[in-house]
Each structure stands twice: as structure tokens, then as C-alpha cells.
Amino acid sequence: MVTDRTDLYTEFGDSRLPPGQQQTDGFPVLSKGGTPAVDPAEWSFEVFGAVDDPLALSFEELQELPGETQKQDFHCVTGWSKFDCQFTGVSFPIIAERAGVDSDAVHVMFHSADGYTTDLPLEDCLREEVLFAYGYDGDDLPADHGGPLRVVTPHKYAYKGAKWVTGVELLTEPERGYWEQRGYSSTADPWNEERYG
Ligand SMILES: Nc1nc2c(c(=O)[nH]1)N[C@H]1C(S)=C(S)[C@@H](COP(=O)(O)O)O[C@H]1N2
Ligand SMILES: [Mo]
């Protein structure tokens, strides 16, 4: 079953294509460096920081959690948007529930195998649309697009979606990730064109 979440924009703006964006048919690859070699057999996914039960999950254990497939749009801050991406994965609220997020947690830092980090307020993460995705269009998520596991954030510019994600850190104070430290927006709402700042 595929849940269609392409109507998500109605919460943020009038048009499905956010202002200043152009639709693309392909799926460009955008990474700060190359694609890191990630062996799913060795890989582990950790949830740590302000949680009651820190998690360390193998790729198999992660895939055993309740998963779902959603059709979502994808908006890159450099100006391209790709409609109708089908991602399969585990939602952020499920992971948060398993780890037992502390009541004083307010912010989240995602960590990746290439050293990339990105941050978001906790409330922007506690949404069904924020997926830890291992599948794309009915197949395994390709390595260039973040396989074995990436985050997708259809309500934010796509730099908020960490590819090759290895960890999620719950924070009691906001901190800034890789692009956020280099001038990109912490909140990154595409319909409000929050690109910088
Ligand atoms: N680990 C990691 N995640 C990342 C990046 C990166 O360089 N490293 N780039 C971000 C940016 S700027 C974008 S637009 C999307 C691109 O995802 P794609 O390559 O699947 O199109 O991944 C985001 N996640
Ligand atoms: Mo991007």
C-alpha cells in the first residue's frame, strides 16, 4: 500500500511547486563529497542523547520495525524539485517512541557515514512524513541516494534529509549541522523560501 503524501504542501503554501523551484524528471545526486562505502552487514543505526532507551539497531532490526511506503515530493535548495518519489521506511515517530524521547529534548541532529550532519527542531521531525527510508520506487535505496538508509523530509529542503544516516541525536539545545553552519537555514521551509539564515 502506498500512502500519497503529495498533498502535504496544502499545510504550507498554495502551490505544490514551492516558489523559485523548477520541476525535474530525473533524480539528481547531490552530495558534499563522494558516496561513502557502507556495508549494510557492518552498519548500525544509533539513537542517542536525550532519550530513555538509547537504540543500536542493525539494518535487519531496523527493517523489522513497522514500515510504510509514501509518495512524496522532494525539494532541493539549489532549485530543483522532483515530484512523486516513492520511499519505503520507518517513520521518525516510531523511532522516537522506541527510544523514549526525554521531555526536555527540543532539537535533533542527524549523523551520517560521510561526516555530514543536519539539524531540525524536534517538532519538525515528529511527523509521519519524516522517514528513515531504505526503499525507493519499490527497490532498495540506491547507494548514491543514501542507501542503505537515508532520511527524507518532504516538508523541508532536502538537505535536511541525511543520506547514509548512522545516528540520530536528541538535543536539549539547538545545534547547527553541516550546511546550517555554512549559512543555510535551520528551518528550511520551501514554501517560505527559507534557504539561508
Ligand atoms: N550524508 C549526506 N546527506 C545528504 C547530503 C550529503 O552531502 N551527505 N546532501 C544533502 C543535499 S544538499 C541534498 S539536496 C540531498 C540530495 O539527495 P539526493 O542525492 O538523493 O538527490 O541529500 C542531502 N543529504
Ligand atoms: Mo541540496
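Keep in mind the model is a prediction, meaning the values are calculated, not measured. (Residues numbered from 1 in each chain as written. Chains lettered and ligands numbered in written order. Predicted model: local features only at pLDDT ≥ 70, side-chain atom pairs only at ≥ 80, totals over all residues. Heavy atoms only, no water.)

1. As for the overall build of the protein
Looking only at helices and strands, the protein has 4 helices and 12 strands in total. Its C-alpha atoms give the protein a radius of gyration of 16 Å, near enough to 16 Å, the size a compact globule of 197 residues would have. Long-range pairs, those at least 24 residues apart, make up 70% of the contacts in the protein between residues at least 6 apart in sequence. Just so you have it, the protein exposes about 8,800 Å², and 44% of that area is on carbon and sulfur atoms. (Helix = DSSP H or I, 4+ residues; strand = E, 2+ residues; numbered from the N terminus. Rg over C-alpha atoms; globule rule 2.2 N^0.38 Å. Contact = heavy atoms within 4.5 Å. Areas by Shrake-Rupley, 256 points an atom, 1.4 Å probe, with all protein chains shown as cover.)

2. Quick notes on the state of the cysteines
According to the stated counting rule, one finds 0 disulfides in the structure shown. Here C125 is not disulfide-linked; the sulfur of C76 is the nearest cysteine sulfur, at 19 Å. (Disulfide = S-S within 2.5 Å.)

3. With respect to the site of ligand 1
With respect to spatial proximity, 20 residues lie near ligand 1, and among them P28, K32, H145, R150 and K163 are the closest. R150 has a polar side-chain atom sitting 2.7 Å from an oxygen atom of ligand 1. At 2.8 Å from a nitrogen atom of ligand 1 is found a main-chain nitrogen or oxygen belonging to G161. Surface burial for ligand 1 is 98%, taken as the share of its 540 Å² of free accessible area covered by protein chains. Of the residues that constitute the shell around ligand 1, the class distribution is 12 nonpolar, 4 polar and 4 charged. (Near = heavy atom within 4 Å. Polar contact = N/O pair within 3.5 Å; in protein donor to acceptor, adjacent residues only side chain to side chain. Nonpolar A, V, L, I, M, F, W, Y, C, P; charged D, E, K, R; others polar.)

4. Focus: the side chain of D189
Looking at the element boundaries, D189 is found in the segment after α4 (178-181). Put simply, D189 is tucked away with no salt bridge, and the nearest opposite charge, on K156, sits 5.7 Å away. A polar contact of 2.9 Å, which involves the side chain of D189, links it to the backbone nitrogen of W191. Not counting residues up to four positions away in its chain, the partners in contact with D189 are F12, H155, K156, Y157 and E194. (Buried < 20%, exposed > 50% of the residue type's maximum accessible area, 1.4 Å probe, protein only. Lys, Arg positive; Asp, Glu negative; His and termini not counted. Salt bridge = Lys/Arg side-chain N within 4 Å of Asp/Glu carboxyl O.)

5. Some words on the UniProt feature "domain: Oxidoreductase molybdopterin-binding" (unreviewed entry) in the protein
Taking the UniProt record as the reference, the feature "domain: Oxidoreductase molybdopterin-binding" (unreviewed entry) is found at residues 33-179. Overall, residues 33-179 shows 14% helix and 40% strand. The separation of its end C-alpha atoms is 13 Å. (UniProt positions renumbered as here; feature names shortened; annotations may be inferred.)

6. Some details on the pattern of salt bridges
The full count for this structure, using the stated rule, is 9 salt bridges. Two residues, D84 and R16, come together in a salt bridge whose shortest N-O distance is 2.9 Å. Here D84, found in strand β6 (residues 80-91), pairs with R16, found in the loop between β1 (2-4) and β2 (22-23); they are 68 residues apart in sequence, far enough to count as distant. You can call D84 partly exposed: its relative accessible area is 37%. Notably, a salt bridge pairs K156 with D124, separated by 3.4 Å at the nearest N-O pair. Placement of K156 in the loop between β11 (150-152) and β12 (165-171) and of D124 in helix α3 (residues 122-125) is noted, with a sequence separation of 32 residues between them.

7. Re unusual backbone geometry
Across the junction of G147 and P148, the peptide omega takes the value 15 degrees, indicating a cis bond. Among the secondary structure elements, P148 is positioned in the loop between β10 (139-140) and β11. Located in the positive-phi region is D84, a residue other than glycine, with phi close to 60 degrees. A positive phi angle is found at E193, which is not glycine, with a value near 45 degrees.

8. Some words on the side chain of Q70
With respect to the helices and strands, the residue Q70 is situated in strand β5 (residues 68-75). Looking at Q70, the relative accessible area reads 0%, which means it is buried. At a separation of 2.9 Å, a polar atom in the side chain of Q70 contacts the side chain of Q72. Sequence-distant contacts of Q70, that is, excluding residues within four places in its chain, are made with V2, T3, R5, C85, Q86, F87, E128, E129 and L131.

9. Side note on the pairing of strand β8 (residues 117-121)
Burial of β8 is extensive: 5 of the 5 residues sit out of reach of the surface. Side chains T117, D119 and P121 of β8 all project onto a buried face; the interleaved residues T118 and L120 project onto the opposite face, where all are buried too. Note that strand β7 (residues 107-112) and β8 share 5 bridges and pair antiparallel. In the sheet register, H111 faces β8, and the bridge partner there is T117. Hairpin geometry of β7 and β8 is characterised by an intervening segment of 4 residues between the two adjacent antiparallel strands and by a positive phi of about 85 degrees at G115. (Pairing = 2+ DSSP bridges.)

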